[in-house]
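Structure assessment
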Amino acid sequence: MPPDANVVFLTGAGISAESGLRTFRDNDGLWEEHSIEDVATPEAFLRDPELVYRFYNLRRAQLQSNVVNPNKAHYALAEFERCHKGKVLIITQNVDDLHERAGSQNILHMHGELLRARCCHSQRTFSMTGSFDGAARCICCTPQQSIRPDIVWFGEMPFYMEEIEQAVVEADFFISIGTSGNVYPAAGLVQLANHNQAHTVELNLLPSEMNNAFKEAHYGMASLIVTQYLTQNVEE
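Report on the accompanying structure. For clarity, every value in this text was computed on a predicted model and none was experimentally measured.

What follows deals with the packing of aromatic side chains. Enumeration according to the criterion identifies seven aromatic pairs in this entry. With a centroid separation of 5.4 Å and 80° between ring planes, the pair formed by Phe45 and Tyr53 is classed as edge-to-face. The exposure class assigned to Phe45 is buried, which follows from its relative accessible area of 13%. On the basis of relative accessible area, Tyr53 is assigned to the buried category, the value being 4%. With a centroid separation of 6.4 Å and an interplanar angle of 40°, the aromatic rings of Tyr56 and Trp153 are classed as tilted.

In structure tokens:
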């Protein structure tokens, strides 16, 4: 990899699974007792907001527990960003803060952030590390308005799409880590990268649904293959 290459990473649930976070589709995960329609759509929030608040309060508490910490893959990305002379951007589908905790600086959370809340009126966001419910109010409006988790639910448009697409268009390397390849628009970014002549790489536990679109692929635990790939390419 050239030392001044423009590198864009796309990260998904697979990079955080080794940190103790139960992922969306795990049978034993926090989502098990609730379908998507129960807790992860605008309609669910209108139908039963207290269930949605309670669900995300549990996820927020889990994220901040002592057993959840960045793993070697998160640290490898942070170290690469620190040492690489070219541009480095992490586009993450994850709502956790593990990239930040590991030391990464240039991150776009396309699906929102668990430790932030959003005003239902102004759409402004602010830090929220504790539990909250329908009685909570924003800090931006007069009179104060209700707030919701700063999460992109199914049926909503991901954040930063213009910035993300521009970054992928300009990338020399597009490296996907721990993604399933079945959630759009994130799953389509590899095609955009290929169209603009980027070298595309999949680092995943198993081949994703988009694995045939990548020019290079390595499979295994994220903590191992991400560290190995970045170390080898930095040395080259």
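Moving on: helix α4 (residues 49-63). For α4, which comprises 15 residues, the first-to-last C-alpha distance of 21 Å matches the rise-based estimate of 21 Å (1.5 Å per residue) to within 8%. Residues Leu51, Val52, Tyr53, Phe55, Tyr56, Asn57, Arg59, Arg60, Gln62 and Leu63 constitute the buried set of α4. Looking at the buried residues of α4, the elements they touch are α2 (36-39), α3 (42-47), α6 (98-102), β4 (112-119) and β6 (147-151).

Here we take up the environment of Ser131. Inspection of the secondary structure assignment puts Ser131 in the loop between β5 (125-127) and β6. The residues contacting Ser131, other than those within four sequence positions of it, are Asn57 and Arg60.

With respect to the helices and strands, the residue Val39 is situated in helix α2. A relative accessible area of 0% means that Val39 is categorised as buried.

Pairing within the open sheet is parallel, and its six strands lie in the order β3-β2-β1-β7-β8-β9. Every other strand in the sheet has two partners, leaving β3 (107-109) and β9 (216-219) as the edge strands with one partner each. In this sheet, neighbouring strand axes are inclined to one another by 15° on average, regardless of whether the strands run parallel or antiparallel. Of the pairings in the sheet, the one linking strand β8 (residues 199-204) to β9 comprises four bridges and is parallel in character. Bridge assignment links Glu202 to a residue of β9, and that residue is Ala217. Across the sheet, helix α5 (residues 72-83) is in contact with β1 (7-11), β2 (88-92) and β7 (173-177); its angle to β1 comes to roughly 165°. Against the sheet, helix α7 (residues 161-170) engages β1, β2, β3 and β7, with an angle of about 130° to β2.

Because the α-helix completes a turn every 3.6 residues, residues three or four places apart line up on one side. The set of residues buried in α7 consists of Met161, Ile164, Ala167 and Val168. All buried residues of α7 project into a common sector of 130° when viewed along the axis, lining one side.

Take the pattern of salt bridges next. Evaluation of the coordinates by the stated rule reveals four salt bridges. Notably, a salt bridge pairs Arg82 with Glu79, separated by 2.7 Å at the nearest N-O pair. In this pair, Arg82 and Glu79 both sit in helix α5, three residues apart, roughly one turn of the helix. By relative accessible area, Arg82 is classed as exposed at 61%.

A separate point is the sheet that holds β5. What the three strands build is an open sheet, ordered β5-β4-β6; its pairing is antiparallel. Sheet topology places β5 and β6 at the edges, where each strand pairs with a single neighbour. Recorded for the sheet is a direction-independent mean angle of 45° between the axes of neighbouring strands. Against the sheet, α4 makes contact with β4 and β6, and its axis sits at roughly 140° relative to β4, the strand it touches most.

This part covers unusual backbone geometry. In the segment running from Thr142 into Pro143, the intervening peptide bond is cis, with an omega of 0°. With respect to the helices and strands, the residue Pro143 is situated in the loop between β5 and β6. With a phi angle near 60°, Tyr160 is a residue other than glycine that sits in the positive phi range. For Gln197, which is not glycine, the phi torsion reads 70° and is therefore positive. Among the secondary structure elements, Gln197 is positioned in the loop between α8 (189-195) and β8.

Conventions we followed
Residues numbered from 1 in each chain as written. Predicted model: local features only at pLDDT ≥ 70, side-chain atom pairs only at ≥ 80, totals over all residues. Heavy atoms only, no water. Phe/Tyr/Trp six-rings, centres within 6.5 Å; stacked < 30°, edge-to-face > 60°. Buried < 20%, exposed > 50% of the residue type's maximum accessible area, 1.4 Å probe, protein only. Helix = DSSP H or I, 4+ residues; strand = E, 2+ residues; numbered from the N terminus. Expected span 1.5 Å × (residues − 1). Contact = heavy atoms within 4.5 Å. Pairing = 2+ DSSP bridges. Axes fitted to C-alpha atoms, helices over the stretch in contact; angles between N-to-C directions. Arc of directions from axis to C-beta. Salt bridge = Lys/Arg side-chain N within 4 Å of Asp/Glu carboxyl O.

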